[in-house]
Amino acid sequence: MLKAADTTNLKSSELYQLVYISRITSTGLSGASTLNDIADHSIKNNQADKVTGILCYGNGYFFQCVEGTEQALTNLKNRLLMDNRHKEIKVLDFSVINQRRFSSWSLRSIILERWMVDDSRVKALMPFKPYTWVEDEWVQFLNVLQNYYEQQEKKEEVDMQPIKYKALGVTLGKVVSQHQAFFLIQTILGLLIVAALFWVLLSDKIF
Ligand SMILES: Cc1cc2nc3c(=O)[nH]c(=O)nc-3n(C[C@H](O)[C@H](O)[C@H](O)COP(=O)(O)O)c2cc1C
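A short tour of the structure in this document, coming up. What you see is a predicted model; the values in this text were computed from it and never measured. (Residues numbered from 1 in each chain as written. Predicted model: local features only at pLDDT ≥ 70, side-chain atom pairs only at ≥ 80, totals over all residues.)

Moving on: the overall build of the protein. A tally of helices and strands in the protein yields seven helices and five strands. Along the protein, helices (α) and strands (β) appear in the sequence β-α-α-β-β-α-β-β-α-α-α-α when read from the amino end. Within the span of the protein, comprising 207 residues, buried residues form 26% of the whole. Nonlocal contacts in the protein, meaning residues at least 24 apart in sequence, comprise 79% of its contacts between residues at least 6 apart. (Helix = DSSP H or I, 4+ residues; strand = E, 2+ residues; numbered from the N terminus. Buried ≥ 20, exposed ≤ 12 C-beta atoms within 10 Å, placed from the backbone. Contact = placed C-beta atoms within 7 Å.)

Our next topic: the sheet that holds strand S5 (residues 108–111). Ordered by their spatial adjacency, five strands build an open sheet running S4-S1-S3-S2-S5, and the pairing between neighbours is mixed. Lying at the two open borders of the sheet, with one neighbouring strand each, are strand S4 (86–96) and S5. Averaged over all neighbouring strand pairs, the angle between strand axes comes to 15°, with direction disregarded. Each of strand S1 (15–24), strand S3 (61–69) and S4 touches helix H3 (residues 70–81); the most contacted strand, S3, lies at about 150° to it. (Pairing = 2+ DSSP bridges. Axes fitted to C-alpha atoms, helices over the stretch in contact; angles between N-to-C directions.)

The subject of this paragraph is the site of the ligand. Around the ligand, a shell composed of 17 residues is seen, among which Ser42, Asn45, Phe62, Arg79 and Asp83 lie nearest. When residues of the shell around the ligand are traced back to their parent elements, those giving at least two are helix H2 (34–49), S3 and H3. No other element matches the five residues that H2 contributes to the shell around the ligand. Grouping the amino acids of the shell around the ligand by side-chain chemistry returns seven nonpolar, seven polar and three charged. (Near = placed C-beta within 6 Å. Nonpolar A, V, L, I, M, F, W, Y, C, P; charged D, E, K, R; others polar.)

Here we take up the nonpolar core. Judged by nonpolar contacts, the single largest core of 32 residues is most densely connected at Ile54, Leu55 and Cys56. A per-element tally of this core places S1 first, with five residues. Not counting residues up to four positions away in its chain, the partners in contact with Cys56 are Phe62, Phe63, Ile110 and Leu112. (Core = buried A, V, L, I, M, F, W, Y, C linked by C-beta atoms within 7 Å.)

Phi at Lys50 takes a positive value of approximately 55°, unusual for a residue other than glycine. Within the fold, Lys50 resides in the loop between H2 and strand S2 (52–58). The exposure class assigned to Lys50 is partly exposed, which follows from the 19 C-beta atoms found within 10 Å. Even without a glycine there, the phi angle at Glu88 is positive, about 50°. Structurally, Glu88 can be placed in strand S4. By the C-beta count within 10 Å, which is 10 here, Glu88 ends up exposed.

A rise of 1.5 Å per residue sets the reference length of H3, with its twelve residues, at 16 Å; its end C-alpha atoms lie 16 Å apart and thus fit the reference within 8%. Along H3, the positions that sit buried rather than exposed are Ala72, Leu73 and Leu76. Buried residues along H3 cover an arc of 90° about the axis, so they all sit on one side. Looking at H3, the residues exposed on the side facing more than 90 degrees away from the buried face are Gln71 and Asn78. (Expected span 1.5 Å × (residues − 1). Arc of directions from axis to C-beta.)

In this model, helix H5 (residues 137–154) (18 residues) spans 26 Å end to end at C-alpha, consistent with the 26 Å of a helix rising 1.5 Å per residue. Where the residues of H5 are buried, they touch S1, S2 and S3.

See below:
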């Protein structure tokens, strides 16, 4: 299995985690593929800096946990603070850890939508509103994410790439199949409106 960062040359006391939440800005929302752009760029940077972690997005909010040296995370934090794709960064934790939770992921990005989540503990947190979490709720959330990571690792489905357009196609497929009746009614209504417009235009010319 491909390891994103080899931790053997790091003393455990040198390892830190940075956990924060933030809100997406209109700039972030206006980008066609903000999450992909962030993940693509971050994977390259994080591999170079031996940083690993996870980035969740849902309901207009980001949740990120990154692991690495204090220096690497401080530099990253400074870059994050200047990034206009998100705002109101609230640091939940910046502390020493014994080991990485996401040692094979340079940055795995996950979209949190109720219909995409199987885990009942995560479902309970939907719609995703991390600013309303109390005390250590973020720790529970992080534990669920770690659990998910471990399951993926067991299945050897460790995927370092962000969600790509192909996956987005599957995602859209899921939405469409879940809302087939809705889409069908919308299509019929659309066709009826077009037919009515034609009828009005033609009847104007005929009569
Ligand atoms: C929510 C969010 C998460 C991000 N996570 C990372 C990250 O893990 N690593 C990283 O290098 N940049 C991350 N970025 C991008 C940084 O804010 C910054 O744009 C980037 O590191 C600049 O890299 P550069 O100096 O190579 O241009 C993130 C941006 C956002 C909005």
